[in-house]
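One-letter residues, chain by chain:
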Amino acid sequence: MKPHICVVSSKLYPHALRTFSVIRDISVPCMATDNVEEFGDAENTDFETVFVLAEFDCPQYQYLYKRDNRIVGPPVVLQCAMKDEPLLFSCRPLYSTTMIHLSLCFTGFRDKEEMKNLVNLVHHMGGTIRKDFSTKVTHLIAHSTHGEKYRLAVCMGTPILTPSWIYKSWDKREDIHFHADTEGFRSEFKVPPFQDCILSFLGFSHEEKANMEERTLKHGGSYLEVGDERCTHMVVEENSVKELPIFPSRKLFAVKQEWFWGSIQMDARAGESMYLYEKNDSPAMKKAVSLLSLTTPNSNRKRRRLKDTLAQLTKETEISPFPPPRKRPSAEHNLSVMSLLDISNTPETCKSSRPSKSSAPIVSKQSARWQVSKELYQTESNYVGILNTILQLFKFPLEKEGQVGGPILAQEEIKTIFGSIPDIYEVHTRIKSDLEDLLTDWSDERSVGNIILNYSKELVKAYPPFVNFFEMSKETITRCEKQKPRFHAFLKINQAKPDCGRQTLVELLIRPVQRLPSVALLLNDIKKHTSDDNPDKMTLEKAIESLKEVMTHINEDKRKTEGQKQIFDVVYEVDGCPANLLSSHRSLVYRVETIALGDQPCDRGENVTLFLFNDCLEIARKRHKVINTFKSPMGQTRPPPSLKHIALMPLSQIRRVLDLQDTEECVNAFALVVRPPTEQENLLFSFQLTGEETVKSAWLRTLCRHVANTICRADAENLIQCTEPDSVQVSTKDMDSTLSKASRAIKKTSKKVIMRPFSIKTLSSTRGEEGEEERRGEAQSTETHTRIHYLYSGAGGHYAAPKAAIPVNE
């Protein structure tokens, strides 16, 4: 049946002339009328009359609609003519094609009249309506973020829009070039993820809470303080909150922060069931750190238990799968007690080494060369793990197609951020494998340097593209995080995962910049412990030079001169400070004043200053005070050093940081479980912080972060362990008493003297700093003896002063 067009001209107004012109061009019979009644009831089997109306809310429309006449709007005619297509057929009145091919579903509507009006507008624009949600639905129109339809739409990535989208599309119905599904237009009407949600935040810092409250408002929600009955959600920082202040009700969801950031990333409210907060259990190590008691009568037994405790505390950090060289059975039996702290020395993990040429096996200790080589492998393994985390948690998900809500970043942004990380990961994976093979079949004659040399060309090729554009990568991350809320939420979600160790993407991406200098330092250590007749010594030198070739691409101009000045100040302040502290890659991070609580690395009661650098820890004690002023004959222009060097310890030797809980007998104390390469067991360095300017928690977190950076681990928080001081036999009791100070002074003095007849000649013949040290020792000894004699006499006791002794230099 051929169509005849009847234009209702009285209601067409500005469209009349244009519509008539178009109809003539498409060669369709056309007529005009002001009275639709004369045509509306006519029945003709030869042709069908199509009425063109400019308004769908006028009496003519109602008259024609009730009589099932075919009605279209001027935009339909104009569009068909523009595309040179026949007039569209629709069983319903069709004003425009604004929503043609769209299938809509509604949820959350209670007003039936509003719903009916929206359905009519969708039909007038060419869209269809489905009662039930299915894969055929292209858009969900939602009044709230509740209900099964909303959940299904989120899971399937279906756009969820407000009713305003339909109204605004109807307003644009006259534009024949406009379609409602245009992404730029549609994105303005997305249902915000926190619509109808009232959030509260528990356990976050003031800055983080303010950021989350701001984003709550930006994404359609509101917020109140924790405990307000109107709240619908309580977002919990699960790592810091152990107990909820209120019990969640049926109307209140207690969810992890991942729900909050996940909702922003998806641009839709995430399902709460997957993110419900659960109470954290006490740490598994709690039992291990309470093994000892200071009331144990047997001191040898206490020492053995202390070793057990330290071994338990360092268990998680001893990750090497390689045992040390195997000892003969008799030696293993005799040394079993002394090697409790070396958990890799157990029979279950030991492998038999290759038999020697002689019939009797030789007792071989863990050589320093083997220890440092093992450390190289461990840090390499950790580094490869971090690179894998960058790829698996960040790069690959960002590149994945079909992301809910569309791509988070453009492809060029992803390429700028990650650069040559896949190439770096590939070459270091192979280096790790070669180091593993080397340590599995170890001998001191095997070459470590060759492994690095074999991959030097690949390192030179892989690193410069990333290092040279690292600043651009950081800037791209910062810009995208500010401009794209979904990317910010994506980063927040992954940062909270254990694999990231709560580190940001920028903090993880800086590891390749830091890795090669760290490898060079380890190779230097291996070279130090390599004999001159070992062929690997020359190979190691070549490997170090090859790494320097890559490191020359790091922009030295970006290093702050102030950081270098601080290192020089430390060198001048610490007497005997090693010259190798001065390094272009090193910077001072933290300085703390402490008192030693144990017998290592110096005597109990010594004032110790700890200088934390980004890769090492300088330990220095306070020099003894000079009672009488002394002018050096050398005419020093700089004040004499106030500190004396004890040790420069690489951070890689720190196996565990112990946060000692405050008790009546122990206040503001912490300890380090240390394992130098040349030692067969762990050592415990314990300190008490002095001064109120240092916050213990902040100091320990900073220390653990840099230890983790040095050994290429992402889980810095796992390096710190909260421990009862009794379990490691640490106490600060009587540290400030007069008697305790006097006892420590006499102990220090006794270490500096040799017992022989007093000689004025010997004293007077000494010059320079040695003479100053002798005078100081003599004065301190006299003062100390006098003080202790006074204390003992006052208590009714008797004190016999030792014979005169000659103090010698420290």
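The name an unreviewed UniProt entry gives the protein chain is Epithelial cell transforming 2, with Takifugu rubripes as the organism.

(A) Examining the state of the cysteines more closely. Within the structure shown, the criterion is met by 0 disulfides. Distance from the sulfur of C577, which forms no disulfide, to the nearest cysteine sulfur (C616) is 8.9 Å. The exposure class assigned to C577 is buried, which follows from its relative accessible area of 14%.

(B) Examining helix α14 (residues 411-418) more closely. If you check which residues of α14 are buried, you get E413, I414, I417 and F418. For α14, the arc enclosing every buried residue in end-on projection is 115°, short of the 170-degree limit, so these residues lie on one face. Opposite its buried face, α14 presents the exposed residues E412 and K415, each directed more than 90 degrees away. Here the buried face of α14 lies against α13 (368-399), α15 (421-440), α17 (456-467), α18 (470-483), α19 (485-495) and α20 (505-509).

(C) Just the nonpolar core, in detail. Ranked by size, the top nonpolar core spans 59 residues in total, and within it F394, F418, V448, F487, L509, L523 and L547 carry the most contacts. Setting aside its immediate chain neighbours within four residues, L523 contacts L376, V448, I452, L540, A543, I544 and L547. Formed by 30 residues, the second largest nonpolar core is a distinct cluster that contains L53, I71, F109 and W170.

(D) Spotlight on the packing of α13 against α14. Direction vectors running N to C along α13 and α14 enclose 160°, while the axes themselves pass 10 Å from each other. One way to sum up the angle between α13 and α14 is to call them roughly antiparallel. Regarding α13 and α14, the two cross each other, and that crossing is left-handed. Residues I390, F394, K395, L398 and E399 of α13 form the contact with α14, whose participating residues are Q411, I414 and F418. Classifying every residue of the contact of α13 with α14 by side-chain character gives 5 nonpolar, 1 polar and 2 charged.

(E) Quick look at the packing of aromatic side chains. Here the structure, examined in full by the defined rule, presents 18 aromatic pairs. Ring geometry for Y590 against W699: centres 5.3 Å apart, planes inclined by 70°, an arrangement best described as edge-to-face. One end of the pair, Y590, is in strand β14 (residues 588-596); the other, W699, is in helix α24 (residues 696-710), with 109 residues separating them in the sequence. Grouping aromatic residues by their ring pairs yields a cluster made of F194, F201, F204, W259, F260 and W261. It is K172 that lies over the ring of F178; its NZ or CZ is 5.6 Å from the centre. Note that R173 overlies the ring of Y95, its terminal NZ or CZ placed 5.4 Å from the centroid.

(F) Examining the pattern of salt bridges more closely. For the structure shown, the criterion picks out 26 salt bridges. Ionic pairing is found between R186 and D181, a salt bridge with its closest N-O pair at 2.9 Å. Its salt-bridge partner being E471, residue K474 comes within 3.8 Å of it at the nearest N-O pair. Of this pair, K474 and E471 are both found in helix α18, 3 residues apart, which corresponds to roughly one turn of the helix. With relative accessibility at 30%, the residue E471 sits in the partly exposed group. Via salt bridges that share partners, K209, E213 and E225 belong to a single interconnected network.

(G) Representation of helix α22 (residues 536-551) in the model. With 16 residues, α22 extends 22 Å from end C-alpha to end C-alpha; this agrees with the ideal 22 Å at 1.5 Å per step. All of the buried residues along α22 are D536, K537, T539, L540, A543, I544, S546, L547, V550 and M551.

(H) Examining empty space enclosed by the protein more closely. In total, this model carries 6 cavities of 30 Å³ or more according to the counting rule given. By volume, the second largest cavity is sized at about 60 Å³. Every residue along the wall of the second largest cavity is listed here: Q371, K374, E375, Q378, Q653, R655, R675 and P677. Here the element with the most residues in the lining of the second largest cavity is α13; it accounts for 4 residues. When residues of the lining of the second largest cavity are assigned to domains, at least three fall in each of domain 4 (368-558) and domain 5 (563-625 + 641-731).

How each quantity is defined
- All residue numbers refer to position in the chain's written sequence, counted from 1.
- Side-chain atom pairs in this predicted model are given and counted only at pLDDT of 80 or more, local residue features only at pLDDT of at least 70, and totals for whole chains, interfaces and linings cover all residues.
- Computation of side-chain values covers all heavy atoms of the structure but excludes hydrogens and water.
- Two cysteine sulfur atoms form a disulfide, by the criterion used here, when they sit within 2.5 Å.
- Burial status follows relative accessibility: with a 1.4 Å probe on protein chains alone, a residue under 20% of its type maximum counts as buried, one over 50% as exposed, and anything between as partly exposed.
- Comment: elements are numbered from the N terminus, with helices defined as DSSP H or I runs of at least four residues and strands as E runs of at least two.
- Regarding the arc, it is the one traced by the directions from the helix axis to the C-beta atoms.
- Contact criterion: two residues are considered in contact whenever any of their non-hydrogen atoms come within 4.5 Å of each other.
- We call a set of buried residues a nonpolar core when its members are Ala, Val, Leu, Ile, Met, Phe, Trp, Tyr or Cys and they connect through side-chain atoms within 4.5 Å of each other.
- Interaxial angle, 0 to 180 degrees, is taken between N-to-C directions of lines fitted to C-alpha atoms, where a helix line uses only the stretch in contact.
- Geometric relationships in this document are graded by angle, where less than 35 degrees denotes roughly parallel, more than 145 denotes roughly antiparallel, 65 to 115 denotes roughly perpendicular, and other angles denote oblique.
- A crossing counts as left-handed when the near helix is turned anticlockwise from the far one by less than a right angle, and as right-handed when that turn is clockwise.
- Gly is placed with the polar residues, together with every amino acid not listed as nonpolar (Ala, Val, Leu, Ile, Met, Phe, Trp, Tyr, Cys and Pro) or charged (Asp, Glu, Lys and Arg).
- Only the six-membered ring of Trp is used, alongside the rings of Phe and Tyr, when aromatic pairs are assigned; centres must lie within 6.5 Å, and planes under 30 degrees apart are stacked while those over 60 apart are edge-to-face, with the rest tilted.
- Two limits define a charge over a ring: the Lys NZ or Arg CZ must be within 6 Å of the ring centre, and within 35 degrees of the ring normal.
- Salt bridges, as used here, are contacts in which a Lys or Arg side-chain nitrogen is within 4 Å of a carboxyl oxygen on Asp or Glu.
- Multiplying 1.5 Å by the residue count of a helix minus one yields the expected span of that helix.
- Cavities and pockets were defined on a 1 Å grid built over protein atoms only: a cavity is a set of grid points that admits a 1.4 Å probe from which the probe cannot escape, a pocket is an open set flanked by protein on both sides within 12 Å along at least five of seven lines, and lining residues are those with an atom within 4 Å of any such point.
- Grid points are joined across faces, edges and corners, and a volume is the space filled by probe spheres set on the points.
- Where each domain begins and ends follows an automated or database-derived domain assignment.

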